[in-house]
Amino acid sequence: MKIIDQLRGDTMGLSCELFPPKEGGQLANALDIVHQIAKREVDFISVTYGAGGSAVGKSVAIAAEVEQSGVPAMAHLTCVNATEASLEKTLDELQARGVRNILALRGDLPAGMVLEHTEYRHASDLVKKIKSYGDFCVGGACYPEGHPESAGLDDDIEKLKYKVDNGVDFLVTQMFFDNAILYNYMYRLLAHGINVPVVPGIMPVTNARQITRICQLSGTKLPLHFRAIVERFADDPEAMKQAGINYATTQALDLLANGFKDVHIYTMNKPEVIGGMLDNLSHIVRRGKVTS
C-alpha cells in the first residue's frame with residue numbers, strides 16, 4: 001500500500017522508524033523488532049539506510065520483512081556518492097521485494113569516505129530519478145527549524161519547494177519538541193505553495209545524554225518546560241523513559257487533534273516506546289475519524 005493513500009484516508013495513526021544493525025550487528029534481532037512492532041498495527045515503518053548508503057543490503061532486507069509482516073514499509077534511499085547503476089540496482093531490489101514507498105534523501109558521507117560520484121547532488125535529483133523509474137510513492141524530509149546547512153528558513157523552504165515540484169508525494173519532518181514551531185512552519189509552507197501532506201516526526205526522549213547530542217547535531221531546540229523534565233529525570237532511566245513517552249504522547253495528541261493524520265515516532269529501535277504511545281492513544285489512533 002502506498003503511504004499517500006493512507007494519508008488521504010479518514011483514520012488517524014502512528015508510524016515509526018527503524019534502523020538496520022551496524023556492521024557486524026545481528027540482522028535477526030532487527031527482524032524480530034519488526035515483528036514486535038508490526039503486531040501493534042502501526043501505519044507504516046520507515047527503514048533507514050546508513051550514511052553513504054552503508055548497510056543497504058540489511059535495509060532492503062528489513063524493509064522487505066516489514067512488507068511481509070503486513071505493514072507498509074518506507075525504505076530510506078540516499079544519493080550522495082551514488083551512481084545511476086547503484087541507484088537502479090537498489091530500486092530494482094525494492095520493487096522486486098514489494099517495497100513501494102521510498103524516503104528520498106541526499107544523505108551524508110561517512111567520515112573518511114571520499115566523494116567519487118557527483119551525478120546526484122541533491123535529494124531533488126533523486127526524487128526525479130525515482131519517479132521516472134517506477135511506480136513508487138516518494139516522501140521527502142523537511143525541517144521545521146531549518147536544515148543545519150541552510151542560509152535560513154525561507155531559503156530552506158525554497159529548496160524544499162523544488163524538491164516537491166520534482167515529485168514528492170508527502171513530507172516527514174525532522175523531530176521537534178514544540179508543536180508551535182510546526183504550526184508556524186505549516187503556514188510558511190502554504191505561503192510558498194507547498195500543500196502536500198506533512199507527517200510530523202517526534203522523538204520520545206528516553207535517554208538524556210542521547211538527546212543532547214542529537215539536538216547539537218540537528219539544531220533542534222528543547223523548550224524550557226521540556227528541558228526541566230529532562231534535567232529532573234536524567235539520572236533515573238525508567239522515570240526518564242516514562243516521562244519521555246508521556247511528553248511525546250501529549251505532542252502527538254495535540255497534532256492529531258489539529259488535523260494531522262499520522263505522527264511519525266523516532267523510536268531508536270525500541271518496540272516498548274511505540275507500544276507505550278499506542279497504549280496511551282488506544283482509543284484515538286486508527287479509530288478516530290478525521291474530517292477531510
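Everything below is about the structure shown above.
Analysis parameters
Residues numbered from 1 in each chain as written. Predicted model: local features only at pLDDT ≥ 70, side-chain atom pairs only at ≥ 80, totals over all residues. Heavy atoms only, no water. Phe/Tyr/Trp six-rings, centres within 6.5 Å; stacked < 30°, edge-to-face > 60°. Helix = DSSP H or I, 4+ residues; strand = E, 2+ residues; numbered from the N terminus. Buried < 20%, exposed > 50% of the residue type's maximum accessible area, 1.4 Å probe, protein only. Core = buried A, V, L, I, M, F, W, Y, C linked by side-chain atoms within 4.5 Å. Contact = heavy atoms within 4.5 Å. Disulfide = S-S within 2.5 Å. Pairing = 2+ DSSP bridges. Right-handed = clockwise from strand over helix to strand, strands pointing away. Salt bridge = Lys/Arg side-chain N within 4 Å of Asp/Glu carboxyl O. Expected span 1.5 Å × (residues − 1). Arc of directions from axis to C-beta. Axes fitted to C-alpha atoms, helices over the stretch in contact; angles between N-to-C directions. Parallel < 35°, antiparallel > 145°, perpendicular 65-115°, else oblique. Left-handed = near helix turned anticlockwise from the far one by under 90°.

Novice: Just checking my understanding: could you explain the packing of aromatic side chains for this structure?
Specialist: For any two aromatic rings, the description comes down to two numbers: the centre-to-centre distance and the angle of the planes. This model, assessed by the stated rule, comprises three aromatic pairs. Plain terms: the ring middles of F177 and F226 are 5.1 Å apart, the flat faces sit at 15° to each other, and that makes the pair stacked. Note that F177 is positioned in the loop between β6 (170–173) and α7 (179–191) and F226 in helix α9 (residues 224–233), a separation of 49 residues in sequence. On the basis of relative accessible area, F177 is assigned to the buried category, the value being 1%.

Novice: Help me understand the nonpolar core, please; the structure alone is not making it clear to me.
Specialist: Across soluble globular proteins, nonpolar side chains have a tendency to be buried as a group. Counting 64 residues, the largest nonpolar core has L14, I130, L171 and I202 as its most contacted members. Considering each element in turn, this core owes the most residues, six residues, to helix α2 (residues 27–38). What I202 contacts, discounting residues up to four positions off in sequence, is M175, F176, A248, Q251, A252, L255, V263, H264, I265, Y266 and M277. Listed in part, the 26 residues of the second largest apolar core include L7, M203, A208 and F226.

Novice: It is not clear to me how the state of the cysteines should be interpreted in this structure. Could you clarify?
Specialist: Put plainly, a disulfide is one covalent bond tying together the sulfur atoms of two cysteines. One pass over the structure, following the stated rule, counts zero disulfides. C16 forms no disulfide, and the closest cysteine sulfur to it belongs to C137, at a distance of 17 Å.

Novice: Where do I start with unusual backbone geometry in this structure?
Specialist: Negative phi is the rule for most residues except glycine; trans is the rule for most peptide bonds. The backbone phi angle of E41 is positive, close to 60°, even though this residue is not glycine. For E41, the location among the structural elements is in the loop between α2 and β2 (45–47). One non-glycine residue, M268, lies in positive phi territory at about 55°. Here M268 is to be found in the loop between β9 (262–266) and α11 (271–280).

Novice: I keep staring at the pairing of β6 and nothing clicks. Help me out?
Specialist: In the case of a regular strand, side chains alternate between the two sheet surfaces. Residues F170 and V172 point to one face of β6 and L171 and T173 to the other, with burial holding for every one of them. The pairing of strand β5 (residues 137–142) with β6 spans four bridges and is classified as parallel. What sits directly across from C142, in β6, is T173. Remark: the β5/helix α6 (residues 153–165)/β6 crossover connection has right-handed handedness. Alignment of β6 against strand β7 (residues 198–199), held across two bridges, turns out to be parallel. Its bridge partner lying in β7, V172 is registered against V199. Regarding topology, α7 serves as the crossover connection from β6 to the parallel β7, and that connection is right-handed.

Novice: So what exactly am I meant to see when it comes to the pattern of salt bridges here?
Specialist: It is possible for side chains bearing opposite charge to pair when their charged atoms get close. For the structure on display, the rule yields 12 salt bridges. When the shortest N-O distance is used, the salt bridge between D165 and K161 registers 2.9 Å. With D165 and K161 both in helix α6 and four residues apart, the pair spans about one turn of that helix. For D165, a relative accessible area of 51% translates into the label exposed. Between E272 and K241 there is a salt bridge, with the nearest N and O atoms lying 3.3 Å from each other. Separated by 31 residues along the polypeptide, E272 in helix α11 and K241 in helix α10 (residues 237–257) bring together distant segments of the chain.

Novice: Where do I start with α2 in this structure?
Specialist: Since the α-helix turns once every 3.6 residues, residues separated by three or four places project in the same direction. In this model, α2 (12 residues) spans 17 Å end to end at C-alpha, consistent with the 16 Å of a helix rising 1.5 Å per residue. Residues of α2 that are buried include every one of A30, L31, I33, V34, I37 and A38, and no others. All buried residues of α2 lie within an arc of 150° about the axis, which places them on one face of the element. Here the buried face of α2 lies against β1 (13–18), β2, α3 (56–68) and α11.

Novice: Please explain the environment of K270 as it appears in this structure.
Specialist: Here K270 shows up in the loop between β9 and α11. Expressed as a C-alpha distance, the spacing of K270 and E17, which sit 253 residues apart in the sequence, is 9.7 Å.

Novice: Looking at this structure, how should I read the packing of α10 against α11?
Specialist: Helix packing geometry: the angle between the two helix axes and the distance between the axes. Between α10 and α11, the least distance of the axes is 10 Å, while the angle of their chain directions is 50°. Relative to α11, the element α10 lies oblique. Every pair of crossing elements has a handedness; the one defined by α10 and α11 is right-handed. Note on element contacts: α11 touches α10 through E272, V273, G276, M277 and N280, opposite K241, I245, N246, A248, T249 and A252.

Novice: Is there a simple way to explain α10 in this structure?
Specialist: Taking 1.5 Å per residue as the helical rise, α10 with its 21 residues ought to reach 30 Å, and the 30 Å between its terminal C-alpha atoms agrees with that figure. Among the residues of α10, A239, M240, A243, G244, I245, Y247, A248, T249, Q251, A252, L255 and L256 are the ones counted as buried. Backbone geometry just after α10 places G259 at a positive phi near 110°.

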